[in-house]
Amino acid sequence: MRPPRPHRDFVRTRASAKHNPQIRVMQWNILAQALGEGKDGFVRCPMEALNWAERKYLILEEILTYRPDIVCLQEVDHYYDTFQPVMSSLGYQSSFCPKPCSPCLDVCGNNGPDGCAVFFNRERFRLLDIHHLCLTAVALKTNQVAVVATLQCQVTGRVFCVAVTHLKARSGWETFRGAQGANLLQQLKGILSAQQEEAVPLFVCGDFNAEPSEEVYRSFLNSPLGLDSAYRTLSADGSSEPPYTTWKIRPSGESRSTLDYVWYSRHGFSVDAVLSMPSEEQIGPDRLPSYHYPSDHLSLVCDFSFIQEPHRLM
Ligand code: NDP
Ligand code: CA
């Protein structure tokens with residue numbers, strides 16, 4: 001029998017406003033099935049723990065445990081046969097953008113390319129616009145993509161954008177990630193400025209494959225879009241990221257890093273609560289993925305509320 005999934009509590013950061021419905025956002029690199037079985041080389045994870053027939057239910061269980069209004073996923077290589085139909089039956093509308101040359105395609109018996117996908121509660125939000133972006137670096141197209149959805153909250157009428165991305169992996173590619181991040185910021189600025197409404201707020205969820213010390217992290221923190229990283233609110237000083245969002249053991253050794261972020265517009269949203277990270281003991285000595293957690297990346301889940309604009313106050 002599989003051990004239970006690690007229990008994680010929400011840490012409240014402020015008292016939420018009474019008439020301001022919250023938006024729960026999940027960011028998660030779910031680990032592409034083809035990469036997990038065929039490329040990653042997780043030496044302490046038994047192959048049976050990666051069996052798709054069971055692992056897909058653990059991924060869905062994680063999503064259903066928190067029931068986010070918006071779900072941003074990377075490394076999705078089972079969109080059409082699993083996530084699109086199942087999430088649709090659970091009330092989510094969605095959009096998927098595959099990577100142009102997904103490394104999944106190199107794996108024997110693959111299920112197609114992996115990519116980024118956004119899912120949103122279709123009763124709560126109306127889709128106004130959708131963009132599938134190919135990220136460039138020094139004017140050249142790269143293998144990394146983003147999905148940007150413009151949504152309107154059916155309760156408040158407020159319009160906002162949500163973007164999901166997965167930047168280039170591996171050390172030695174820091175400058176490349178910096179260029180991809182700059183290009184994403186530029187493309188987001190273009191999408192936001194084309195909106196009917198002024199100062200449309202934004203979420204950017206992603207596996208940035210970059211520690212907070214990297215240039216791409218700083219460029220997001222200091223961008224003219226006025227973004228902040230939601231998980232910084234978990235730290236004692238309010239300005240540090242969690243110690244890890246991914247933790248795995250490959251033949252090259254153990255790798256514990258902070259690579260995943262939920263960025264939000266400071267002018268548009270406040271962070272009400274953040275899902276705490278599991279402890280080292282909960283993750284266990286064999287790290288991730290494992291029988292009790294289906295990806296090498298941890299999910300990030302945050303509750304936001306709209307900052308009340310003076311002209312919208314009744
Ligand atoms: P990336 O370098 O961004 O990495 C791809 C995936 O590999 C990521 O999902 C990443 O996971 C994972 N990864 C990171 N570190 C390791 C590691 N040490 N060992 C195993 N996996 C790791 O890939 P690109 O998008 O730039 O694609 C490059 C690959 O694409 C090439 O290796 C090649 O196999 C393939 N390719 C295929 C082509 C085709 O036509 N099919 C053409 C060109 C390239 P995470 O983000 O979680 O770290
Ligand atoms: Ca991966």
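A brief structural summary. Predicted model, so just to flag it, every value in this text is computed and none were measured. (Residues numbered from 1 in each chain as written. Chains lettered and ligands numbered in written order. Predicted model: local features only at pLDDT ≥ 70, side-chain atom pairs only at ≥ 80, totals over all residues. Heavy atoms only, no water.)

Below, the discussion takes up the overall build of the protein. A tally of helices and strands in the protein yields six helices and 15 strands. In terms of overall dimensions, the protein is globule-like: its C-alpha atoms have a radius of gyration of 19 Å, near the 20 Å expected for 314 residues. Across the 314 residues of the protein, 55% fall into the buried class. When contacts within the protein are restricted to residue pairs at least 6 apart in sequence, long-range pairs at least 24 apart make up 76% of them. Element-wise, carbon and sulfur atoms account for 53% of the exposed surface of the protein, whose accessible area totals about 13,400 Å². With 30 positive and 34 negative side-chain charges, the protein shows a separation of 3 Å between the mean positions of the two kinds. (Helix = DSSP H or I, 4+ residues; strand = E, 2+ residues; numbered from the N terminus. Rg over C-alpha atoms; globule rule 2.2 N^0.38 Å. Buried < 20%, exposed > 50% of the residue type's maximum accessible area, 1.4 Å probe, protein only. Contact = heavy atoms within 4.5 Å. Areas by Shrake-Rupley, 256 points an atom, 1.4 Å probe, with all protein chains shown as cover. Lys, Arg positive; Asp, Glu negative; His and termini not counted. Charge placed at Lys NZ, Arg CZ, Asp CG, Glu CD.)

Okay, the site of ligand 1 next. Every one of the 21 residues lining ligand 1 counts as a neighbour, but Glu75, Lys99, Asp106, His166 and Lys168 are closest to it. In the model, an oxygen atom of ligand 1 is placed 2.9 Å from a nitrogen or oxygen of the asparagine 143 side chain. When isolated, ligand 1 has an accessible area of 930 Å², and the protein chains bury 72% of it. (Near = heavy atom within 4 Å. Polar contact = N/O pair within 3.5 Å; in protein donor to acceptor, adjacent residues only side chain to side chain.)

Right, let's talk about the nonpolar core for a bit. In this structure, Ile70, Phe119, Phe160 and Phe304 are the most contacted members of the largest nonpolar core, which totals 57 residues. Ignoring anything within four residues of it in the chain, the contact list for isoleucine 70 reads Ile23, Arg24, Val25, Met26, Val118, Phe119, Phe120, Phe125, Leu151, Phe160 and Val162. Counting residues in each nonpolar core, the second largest holds 26 residues, with Leu167, Ile191, Phe208 and Phe220 among its members. (Core = buried A, V, L, I, M, F, W, Y, C linked by side-chain atoms within 4.5 Å.)

We now examine the pairing of strand 2 (residues 23–29). With seven of seven residues buried, strand 2 lies mostly within the body of the structure. Of the two faces of strand 2, the one holding Ile23, Val25, Gln27 and Asn29 and the one holding Arg24, Met26 and Trp28 are both buried throughout. Note that strand 2 and strand 15 (residues 300–306) share five bridges and pair antiparallel. Opposite valine 25, over in strand 15, you have cysteine 302 as the bridge partner. Judged from the five bridges that link them, strand 2 and strand 3 (residues 70–76) form a sheet pairing that is parallel. Paired with valine 25 across the strands is isoleucine 70, a residue of strand 3. (Pairing = 2+ DSSP bridges.)

In this section: the coordination of the calcium ion (ligand 2). Within the protein, the atoms that donate to the calcium ion (ligand 2) are Glu75 (OE) and Glu75 (OE), at distances of 2.2 to 3.1 Å. Topologically, glutamate 75 is positioned in strand 3. (Donors = N, O, S within 2.8 Å, 3.2 Å for Na, K, Ca; no water.)

In this structure the tally under the stated criterion is 25 aromatic pairs. Arranged with centres 4.9 Å apart and planes meeting at 90°, the rings of tyrosine 79 and tyrosine 80 form a pair that is edge-to-face. Residue classification places tyrosine 80 among the exposed positions, given a relative accessible area of 62%. Ring centres of tyrosine 244 and tryptophan 247 lie 4.8 Å apart, and the angle between their planes is 50°; on these two criteria the pair is classed as tilted. Comparing tyrosine 244 with tryptophan 247, the two get one shared label, buried. When the ring centre of tryptophan 173 is taken as reference, the NZ or CZ atom of lysine 168 above it lies at 4.3 Å. The cationic tip of arginine 256 hangs over the ring face of tryptophan 247; the distance from NZ or CZ to the ring centre is 5.3 Å. (Phe/Tyr/Trp six-rings, centres within 6.5 Å; stacked < 30°, edge-to-face > 60°. Lys NZ or Arg CZ within 6 Å of the ring centre and 35° of its normal.)

This part takes up the sheet that holds strand 13 (residues 260–265). Strand order across the open sheet formed by six strands is 6-7-8-9-13-10, with mixed pairing between neighbours. A single partner strand is all that each edge strand has here, and the edge strands are strand 6 (125–137) and strand 10 (227–229). On average, each strand axis in the sheet is inclined to that of its neighbour by 20°, with strand direction left out of account. Across 11 bridges, the pairing between strand 6 and strand 7 (residues 140–153) is antiparallel. Counted as the bridge partner of phenylalanine 125 is cysteine 153 from strand 7. (Axes fitted to C-alpha atoms, helices over the stretch in contact; angles between N-to-C directions.)

Worth remembering: the numbers are spatial, not functional.
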